[in-house]
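Descriptive structure summary
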Amino acid sequence: MKSNQVQGIKCGTVTVAVYKDITGETYFKITTDTEEVLPVSYVIEDTLYLY
């Protein structure tokens with residue numbers, strides 16, 4: 001039987017907020033709650049800029 005529980009200690013959260021301005025241009029803001037997850041936020045940011 002599989003467990004849905006995560007094993008480990010949470011080290012942070014990365015949040016991506018997506019906005020659309022009045023011209024229809026989409027942009028996003030990425031925030032983190034700890035410096036430990038900054039590298040993950042950089043990967044997400046770089047990937048989103050490709051689109």
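Overview of the structure. (Residues numbered from 1 in each chain as written. Predicted model: local features only at pLDDT ≥ 70, side-chain atom pairs only at ≥ 80, totals over all residues. Heavy atoms only, no water.)

In this section: the overall build of the chain. In terms of helices and strands, the chain carries one helix and two strands. Sequence-ordered secondary structure for the chain, helices as α and strands as β, is β-β-α. Taken over the C-alpha trace, the chain has a radius of gyration of 15 Å; the compact-globule value for 51 residues is 10 Å, which it surpasses by more than 25%. Taken along its principal axes, the extent of the C-alpha atoms in the chain is 50 × 30 × 20 Å. Here the contacts in the chain between residues at least 6 apart in sequence split such that 20% fall between residues at least 24 apart. For the chain, the accessible surface area stands at approximately 4,900 Å², while carbon and sulfur atoms represent 56% of it. Once the 4 positive and 7 negative side-chain charges of the chain are each reduced to a mean point, those two points are 12 Å apart. (Helix = DSSP H or I, 4+ residues; strand = E, 2+ residues; numbered from the N terminus. Rg over C-alpha atoms; globule rule 2.2 N^0.38 Å. Contact = heavy atoms within 4.5 Å. Areas by Shrake-Rupley, 256 points an atom, 1.4 Å probe, with all protein chains shown as cover. Lys, Arg positive; Asp, Glu negative; His and termini not counted. Charge placed at Lys NZ, Arg CZ, Asp CG, Glu CD.)

This part covers the pairing of strand 2 (residues 26-32). Where strand 1 (residues 14-20) lies against strand 2, seven bridges are found, and the strand directions are antiparallel. Looking at the pairing, V16 lines up with I30 of strand 2. Once strand 1 ends, the chain turns through five residues before running back antiparallel as strand 2, passing G24 with a positive phi of about 95°. (Pairing = 2+ DSSP bridges.)

Following the criterion strictly, the structure yields two aromatic pairs and no others. Both rings, one in F28 and one in Y49, keep their centres 5.2 Å apart while their planes meet at 55°; by these two values the pair is tilted. Residue F28 is found in strand 2, and its partner Y49 is found in helix 1 (residues 38-49); the two are separated by 21 residues along the sequence. (Phe/Tyr/Trp six-rings, centres within 6.5 Å; stacked < 30°, edge-to-face > 60°.)

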